[in-house]
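Here is how the chains run, residue by residue.
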Amino acid sequence: MNFFLTFDKNGNVSFSPFRERDKLNSSVISCLGTPLSLANIQVVQERLQRQDPFAFWRKGSKQKDTKLEILKIIKALGWDAQDLTWEDVSPTSEIDQSRVDEERDNEVRKAFNRLVLGRQLSCGDLRGLARELKIKDEEITKLAHCSVEQGSAQWVPAVRHNGSGWQCQRCGEKDVEEWPSLCGMAATCRSCESIGSSSSLDVLYRDQRSLMDGPSEVLFRPHWTLTEAQRLASEQVAGFIRDAPEETALLWAACGAGKTEVCFPSAAWALEQGKSVLFAAPRQDVINDVAPRLRRDFPDYPLQVLTGTSLVKFQSGGMVLATTHQVLRFWCAFDVVFMDEMDAFPYHGSRALAWGLKHALRRNGKILYLTATPSPEGLKGVQKGKIRLIRLPARHHRTALPVPIWERSRHSLEPNGSTGVWVAQLETLRGQGSVLVFVPKISWVDPWIKCLQRRFPDWCVDGSYSSDPGRSTKIERLRQGKYDLFVSTTILERGITLSGIQVVVLAADHPVFDERALVQMAGRVGRTRESPAGSVLFVSTRMTLAMQTAVQWIEEQNRLALELGLIET
Ligand SMILES: [Zn+2]
């Protein structure tokens, strides 16, 4: 989207997406005939200010000089700009509108204002909203520009000049693709293109209004009682959200300890205070899991649920549950952010998503990361004293976490038809429940299924991996306890609770299994009240640092839980 530079009768320079008289601010008296990208308008602004810091956006007598100066700058930049003249604009005449139109316009404006609060939207997103509101693209641009003129929103170039380079304003990426356009060099960001294009020729609409219009009455009706461990953590979370000096905290929970509900009382408090709340997670399945729990415990409160990457959804309300990709469509919108599974794909290792989450936070806002396996950056922040650490070391059934046992294999764990001594242990494990066998590569799944089927002909053996078309059916059968043995890649490492499951990690020394993956896989065991214990076996030819760290983390959770009297001895 491009903009026309404008001059008003008071000598102010501004810009508008329109050049037509009836759509311009009534005080505009002239307008540049050629539209420019917002990024280029900013280049003009910077050059002009460099010559005379007070020349731009100034009032009064020198406007003729300023107009000439602007033309000179654009010509000097060598942009292929036709029709480079200032056109006079006569004062706007009153436009007759019937009363019905006025009412309809008011309704549309209200709906627009309700749906864009705190949002950062591309032109494509705005067009999507126009379709939803059943209005023309031009009309939505007008509504957006009206908010900008009233000072409640801003237009920003989607990718802008930043010193000698460029920076995407949606995801913060500096490593962008540069290309020659008719108006000089342009740049496109690839890091956030999954939610729509972002280039220096595009703009973002940033709404600066709060999602909340003051304190609200919140009916918080929890359908659960916090365990002793959860209550202790929940009090610390409340202390952090209400009056801690730190902006960031890390809730380090044992796998299956119920960390999400620990945050609900603080979310209720924040909403009552008129603060906006975001629950974010990298993966859609976590969102799908949390949404019914929030709806159940906050029965009257409108919850915006935004999942997936590409589709933009427009809802209203001061509490939002969203994937980290959807969070890129918010700007300075939330007072309190609860970020679940900070160490999971695709958030972990994505500069863009981390930048987006930080910038979705309002000034003096609080962000709490929830995880069972903190990232190195998170732990570093704790060590430096920048991040407050809150622990939740015990599960609800007061039984210690199963500590993995290392079974050394003399032979490689490649699926070559032979098995090691560890196979004999599968029979013992099967006595306790179904056995989940993790392997490091997709190509190992089928050979290991065949090999284990030969060894245990009476057992029901199957397996799955990310691209398996039968994956969801098999996982459903696994939940129903239909398999004796199930071979899987790390797709089942998180987010699944299977009663009575036992875990074997084959080639636990493989580089694909870092300490986080190992803790998560081990964390599948003993999650339910019916089977609170179980076995975890790490099978490998050698012991790696990741294996050692995983065992240390689990033992440390147990030690802490015991000290606090949160598990039975
Ligand atoms: Zn980007």
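Each value, and the rule that gives it
Residues numbered from 1 in each chain as written. Predicted model: local features only at pLDDT ≥ 70, side-chain atom pairs only at ≥ 80, totals over all residues. Heavy atoms only, no water. Donors = N, O, S within 2.8 Å, 3.2 Å for Na, K, Ca; no water. Tetrahedral: all angles 85-135°; square planar, octahedral: opposite > 155°, others 65-115°. Helix = DSSP H or I, 4+ residues; strand = E, 2+ residues; numbered from the N terminus. Axes fitted to C-alpha atoms, helices over the stretch in contact; angles between N-to-C directions. Parallel < 35°, antiparallel > 145°, perpendicular 65-115°, else oblique. Left-handed = near helix turned anticlockwise from the far one by under 90°. Contact = heavy atoms within 4.5 Å. Nonpolar A, V, L, I, M, F, W, Y, C, P; charged D, E, K, R; others polar. Salt bridge = Lys/Arg side-chain N within 4 Å of Asp/Glu carboxyl O. Buried < 20%, exposed > 50% of the residue type's maximum accessible area, 1.4 Å probe, protein only. Domains from an automatic or database assignment. Buried area = accessible area lost by both parts, 1.4 Å probe. Polar contact = N/O pair within 3.5 Å; in protein donor to acceptor, adjacent residues only side chain to side chain. Phe/Tyr/Trp six-rings, centres within 6.5 Å; stacked < 30°, edge-to-face > 60°. Lys NZ or Arg CZ within 6 Å of the ring centre and 35° of its normal.

### Side note on the coordination of the zinc ion
Around a metal, the idealised angle for a tetrahedral arrangement of four donor atoms is 109.5 degrees; for an octahedral arrangement of six donor atoms it is 90 or 180 degrees. Taken together, the protein donors to the zinc ion comprise Cys168 (SG), Cys171 (SG), Cys189 (SG) and Cys192 (SG), at separations of 2.2 to 2.4 Å. Around the zinc ion sit 4 donor atoms; with metal-centred angles ranging over 102 to 114 degrees, the donor geometry is tetrahedral. Counting the intervening residues between successive donors of the zinc ion yields the motif C-x2-C-x17-C-x2-C. Of the two residues, cysteine 168 sits in strand β9 (residues 165-168) while cysteine 192 sits in the loop between β11 (184-188) and β12 (203-207), which places them 24 residues apart along the sequence.

### Brief notes about the packing of helix α4 (residues 123-132) against helix α5 (residues 137-149)
At a closest axis distance of 9 Å, the pairing of α4 and α5 adopts a crossing angle of 110 degrees. Relative to α5, the element α4 lies roughly perpendicular. The interaxial crossing formed by α4 with α5 has right-handed handedness. Side by side, α4 and α5 meet where Leu126, Arg127, Leu129 and Ala130 of the first sit next to Asp137, Ile140 and Ala144 of the second. When the residues that make up the contact of α4 with α5 are grouped by side-chain class, the tally is 5 nonpolar, no polar and 2 charged.

### So, the pattern of salt bridges
Under the defined criterion, the tally for this structure stands at 33 salt bridges. Residues glutamate 177 and arginine 190 are paired through a salt bridge, measuring 3.0 Å at the closest nitrogen-oxygen approach. Here arginine 190 lies in the loop between β11 and β12 and glutamate 177 lies in strand β10 (residues 177-181), a separation of 13 residues in the sequence. With relative accessibility at 39%, the residue glutamate 177 sits in the partly exposed group. Its relative accessible area of 41% is what places arginine 190 among the partly exposed residues. The salt bridge partner of arginine 542 is aspartate 509, with a shortest N-O separation of 3.2 Å. With arginine 542 in the loop between β25 (536-540) and α17 (545-563) and aspartate 509 in the loop between β24 (502-506) and α16 (515-522), the pair connects residues that are 33 residues apart, well separated along the chain. By relative accessible area, arginine 542 is classed as partly exposed at 47%. Aspartate 509 sits in the buried class, given a relative accessible area of 13%. The network of salt bridges with shared partners includes Arg283, Asp285, Glu341, Asp343, Glu493 and Arg494.

### Details of α16
Here α16 lies mainly inside the structure; 8 of its 8 residues are buried. All of the buried residues in α16 are Glu515, Arg516, Ala517, Leu518, Val519, Gln520, Met521 and Ala522.

### Remarks on the domain arrangement of the protein chain
Note: interface size is frequently given as the accessible area lost on complex formation between the parts. Each domain of the protein chain was delimited in the assignment, giving domain 1 (2-88), domain 2 (99-207), domain 3 (228-392) and domain 4 (405-563). Between the C-alpha centres of domain 2 and domain 3 the distance comes to 26 Å. Each partner contributes to the interface: domain 2 provides 25 residues, whereas domain 3 provides 18 residues. Buried area between domain 2 and domain 3, summed over both chains or domains, comes out near 1,800 Å², and the portion from carbon and sulfur atoms is 54%. The partner of arginine 351 in a salt bridge is glutamate 173, with the nearest N and O atoms 2.6 Å apart. Along the contact surface separating domain 2 from domain 3 lie 7 residue pairs in polar contact (both at pLDDT 80 or more). At 4 residues, the largest contribution of residues to the side of domain 2 that touches domain 3 is made by α4. When its residues are assigned to classes, the side of domain 2 that touches domain 3 shows 8 nonpolar, 8 polar and 9 charged.

### With respect to the packing of aromatic side chains
Where two aromatic rings form a pair, the distance of their centres and the angle of their planes describe that pair. Evaluation of the coordinates by the stated rule reveals 17 aromatic pairs. The interplanar angle of 40 degrees and the centroid separation of 5.0 Å between the aromatic rings of tyrosine 483 and phenylalanine 486 together place this pair among those described as tilted. Assigned by exposure class, tyrosine 483 and phenylalanine 486 land together as buried. One aromatic cluster is present, formed by Phe220, Trp224, Phe264, Phe279, Phe298 and Phe338 through successive ring pairs. It is arginine 391 that lies over the ring of tryptophan 252; its NZ or CZ is 4.5 Å from the centre.

### Structural notes on the packing of α16 against α17
In contact at an axis separation of 8 Å, α16 and α17 are set at 50 degrees when each is read in the N-to-C sense. For the element pair α16 / α17, the angle class is oblique. Crossing handedness for the pair α16 and α17: right-handed. Across the interface between the two elements, Glu515, Arg516, Leu518, Val519 and Ala522 from α16 touch Ala546, Met547, Thr549, Ala550, Trp553 and Ile554 from α17. Classifying every residue of the contact of α16 with α17 gives 8 nonpolar, 1 polar and 2 charged.

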